[in-house]
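Report on the structure
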Amino acid sequence: MYILGVSAYYHESSIALIKKDKIVCFIKEEWLTRIKGDNSFPRNAILFLKKKYNISNSNLDLVCYYEKPFTSWWKLFKYSINKPIANKDFLINHVKNFTNSSIFFKRDLNKKIKISSNKVVFSSHHLSHALYALSIVKKKKDYAVLSIDGVGEGITSSIFNIKEKEIECIDFTTYPNSLGLFYSIITDFMGFGINEDEYKVMSLSSYGKPVFYNKVSKIFDKKKFQLKEDYIRFHKSIDQSFSKDLIKIFGTPFLSLNNKNNFKKYSNIACSAQKILEETIDLLVKKTLKVTKKNKIIICGGVALNCKAITNVAKKNKNTFFIVPPSPGDSGSAIGAAAYANYLKQKKINFFHPSPFIGPDRKSNLDKRLFNLMFKKIGNENQANNFIYKVFLKGGIIATYLSKSEIGPRALGNTSLICDGLNKKSVKYLNTKIKNRDFFQPLAPIILEKNFNKFFLKEKNIFNNHKWMSVLAKVKKKCYRKIKPILHIDKTARVQTVNNDFPIYNLLNYLDKKNMKILVNTSFNISKDPIVFDINDVYVNMKRLGLLYLYCFGKIYKIRNL
Amino acid sequence: MFLIPKKNKNFLNKDELAYIINEFSYAEFSSALEMLYASKKCDNINLKKGFIKHSLDEYKHFKIFNQIKNDLISKKKYEYRFSPSNIYNKGYISKSHFLFDKKRLNEFSVFVAANEEIAEKKLQKLNFLVSKYSKHISKRIDEILIDEQKHHSLSAKFSKKNMNKFSYFIKFKKEVFLSNFRHLYANSLSKTQVIFYPILISLLVLMKLVSSFLNLDQNYKSKDILRSNDHKSII
């Protein structure tokens, strides 16, 4: 019997299918619709599973939605309705969307798969975050969980103490006081997209100095965990999240970063906001450790994607062991929801599945006839590695498409664009021309775990997170010049370590022997697109990017013209 | 459903043009997604190839429109941001289905033929307005026009091969009518809001009164949140 976990309607809609305590398959709706951050009901994902695993009412034990739908809708409504005229734009939109909201989850589900009403259950937003986070560790009771995000069910952060058979919620904060929303209004102010581009603010922050620290402190009071209402508009408007008061303190929004002065100013604002974010997380971490009396903490929720903050907080708490799961945002909560349904069946919190590669198996889904029309094999498994080595020597770029999709927002080698990390020209070309990224965003390196110490300073309390790029590493001073192409302005890199559990290990091991120890790894997609899912996406994206070579299931292929 | 330069308009300032071009970029991006989806769902290998090529063209147009938009705008504005989630909000793609799911292959090809022809006409109008600012931009739109003509003729050819001329003519006219109706509806939305807005605001004031009697606050702090969570409830 299967259990289905669903996360939808707010961020990247996702579903997770589990059977006998193991994840059978995880899919994001955006992979199938090709709309990045698709938050609609995951109809295509459900149909995919229905076709592949023949799921129906008879073989589904439970379907669990990741939060309480009405509470989530109501809490935002309740806050804004206090001033119905002032907040009319938000409220009208909120009320208009009522029938399309998660409150009608059962209706939407039944359109795609007929399920008995008593089989549909509801978890709780931050509980789903916590249960997903716990799914990647074995001895769960050793950990405390800190969940921080924008908002879910009116709650913006939660502290959980994990016991043998219980999860105790020790403390929480409520809407609109949200660290996630605070960072989002800064993102919005700079002209970046909310829920899309927060990572750009994080990258930008390394270029600045916290000269606006006192001003930003007025917006978010870290000690009271309070986001001042004067500076926000997300409860009033659907177009703009920040108020005129924020413009008064920071000046003109949406300035172009190509201008030197604008860049300096915005990087200083970003740096100041990042500092407040890090100090607030640090306070929450310290509080969590104090009340739970534990020294192992898992941080989840969308804010945990800020790898710079996690790394810096971990540095201040060296005796604490930190974990940030590969997909800490709402998307990963589909697994948390499934884990909750699993708990309802077994009355135990024993769900354990640490691998980030849980998408559908690519080889079995491959349309071989179409694949052969699109690609020409130019080397068998033995020749592939050497061919790639030669391509890299010439400054070329390879696309990878291996075994299963990665769960989180970061490609971990299975669906990546890779090149020689020490070749300045090819790294720059990949970053700015192929990926069209802003110049202030560095690309991340990928290396064998055994080589980590040669280039980077090892922080024991976060080291495990390098497998899925959740943290940064400081580069050794003696290596600055050598690995400059992948170095951020603050001398850090979001390095990914690879051991023999990773499908890309064989290639990296071969290149290591040829003394090519650092590659660059960036997700195989185009800006504003999700990571590629099937072979049609691979072909279309390679054509759009002008790429020639594909490393697929251990072999190397050249793209053809259709 | 995008805002199209009106027939009687012979001049638009750069920001107005950028706004319209942004809508065109949404339309092209959405078409690319529809075609890519069709390439995955159809069985015929030649059609798969055709849909993929069409999708690549639409992605190319999307890129061109984005470049034109960036060239035209005087300063960054919220309205000019391209956000993929707006594809649903603006109604370019339905949240419940792709067109290929709802239409049979023949109907789909007629739909494509009709809409490519409409797009061609609207692009010609846009090109006329754009040419007043830049010949370079106008040339880029000409590139797109050539593709649109190709798409129209290929879709029409396929449709005519699979149905008689009369049937094609009727279906084609029906699609043109529906498409124009959708544009009319989209362009009229702001006018209907004038009527409904006061009603909605009155409703909100009423809801404020009702909501003050409803207290749905729960005690979230719990010794055991796993057990205390009422899994049957949506509250």
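Residues numbered from 1 in each chain as written. Chains lettered and ligands numbered in written order. Predicted model: local features only at pLDDT ≥ 70, side-chain atom pairs only at ≥ 80, totals over all residues. Heavy atoms only, no water.

**Notes on the confidence of the model for chain B**
A residue-level look at chain B finds 92% of positions with pLDDT of 70 or above and a mean pLDDT of 86. As a predicted assembly, this complex carries a pTM of 0.95 together with an ipTM value of 0.94. (pLDDT = per-residue confidence, 0-100.)

**Some remarks on the interface of chain A and chain B**
Accessible area lost during the coming together of the parts is what is often quoted as the interface size. Taken together, the contact between chain A and chain B spans 82 residues of the former and 60 residues of the latter. Both sides together, the interface formed by chain A and chain B hides about 6,200 Å², and carbon and sulfur atoms give 61% of it. In terms of surface lost to chain B, no three residues of chain A exceed I35(A), R43(A) and L562(A), which account for 10% of the buried area on that side. The interface formed by chain A and chain B includes five salt bridges. Measuring nitrogen to oxygen at the nearest pair gives 2.7 Å for the salt bridge that ties D537(A) to K40(B). Applying the counting criterion to the chain A and chain B interface returns 27 residue pairs in polar contact (both at pLDDT 80 or more). Per-element tally for the side of chain A that touches chain B: the top contributor is helix α3 (residues 69-81) of chain A, with eight residues. Among the residues forming the side of chain A that touches chain B, the class breakdown is 39 nonpolar, 16 polar and 27 charged. (Contact = heavy atoms within 4.5 Å. Buried area = accessible area lost by both parts, 1.4 Å probe. Salt bridge = Lys/Arg side-chain N within 4 Å of Asp/Glu carboxyl O. Polar contact = N/O pair within 3.5 Å; in protein donor to acceptor, adjacent residues only side chain to side chain. Helix = DSSP H or I, 4+ residues; strand = E, 2+ residues; numbered from the N terminus. Nonpolar A, V, L, I, M, F, W, Y, C, P; charged D, E, K, R; others polar.)

**Describing the domain arrangement of chain A**
All names here are of chain A. We note that the domain assignment places domain 1 (2-136 + 326-346), domain 2 (179-323) and domain 3 (362-559) within chain A. Taken together, the 15 residues of domain 1 in the interface contact 17 residues of domain 3. Taking both partners together, domain 1 and domain 3 bury about 1,400 Å²; carbon and sulfur atoms supply 63% of that area. By the criterion of area lost to domain 3, the three top residues of domain 1 are W31, R34 and P326, representing 50% of everything that side buries. Inspection of the region where domain 1 meets domain 3 yields one salt bridge. For D537, the salt bridge identified is with R34, shortest N-O distance 3.5 Å. On the surface where domain 1 and domain 3 come into contact, there are four residue pairs in polar contact (both at pLDDT 80 or more). Among the elements that make up the side of domain 1 that touches domain 3, the one with the highest residue count is helix α1 (residues 29-33) (three residues). Residues that form the side of domain 1 that touches domain 3 fall into these classes: nine nonpolar, one polar and five charged. (Domains from an automatic or database assignment.)

**A look at helix α2 (residues 43-53) of chain A**
Residues of α2(A) that are buried: R43(A), N44(A), A45(A), I46(A), F48(A), L49(A) and Y53(A). Positive phi shows up at N54(A), right after α2(A), with a value of about 55°. (Buried < 20%, exposed > 50% of the residue type's maximum accessible area, 1.4 Å probe, protein only.)

**Focus: the sheet that holds strand β4 (residues 60-65) of chain A**
Residue and element names in this part refer to chain A. Taken in spatial order, the five strands make up an open sheet running β3-β2-β1-β4-β5, and their pairing is mixed. Looking at strand neighbours, the two that pair on one side only are β3 (22-28) and β5 (120-122), the edges of this open sheet. When strand polarity is set aside, the average angle formed by the axes of neighbouring strands in this sheet is 20°. (Pairing = 2+ DSSP bridges. Axes fitted to C-alpha atoms, helices over the stretch in contact; angles between N-to-C directions.)

**Structural notes on the sheet that holds strand β6 (residues 144-152) of chain A**
Residues and elements named next belong to chain A. Ordered by their spatial adjacency, five strands build an open sheet running β8-β7-β6-β11-β12, and the pairing between neighbours is mixed. Every interior strand has two partners, whereas the edge strands, β8 (167-174) and β12 (321-323), have only one. When strand polarity is set aside, the average angle formed by the axes of neighbouring strands in this sheet is 20°. With six bridges connecting them, β6 and strand β7 (residues 155-162) associate as antiparallel partners. What sits directly across from I148, in β7, is S157. Those strands touched by helix α6 (residues 125-134) are β6, β7, β8 and β11 (296-300), and its axis lies near 135° from that of β6. On top of the sheet, helix α11 (residues 260-292) reaches β6, β7, β8, β11 and β12; it is set at about 140° to β6, its chief contact.

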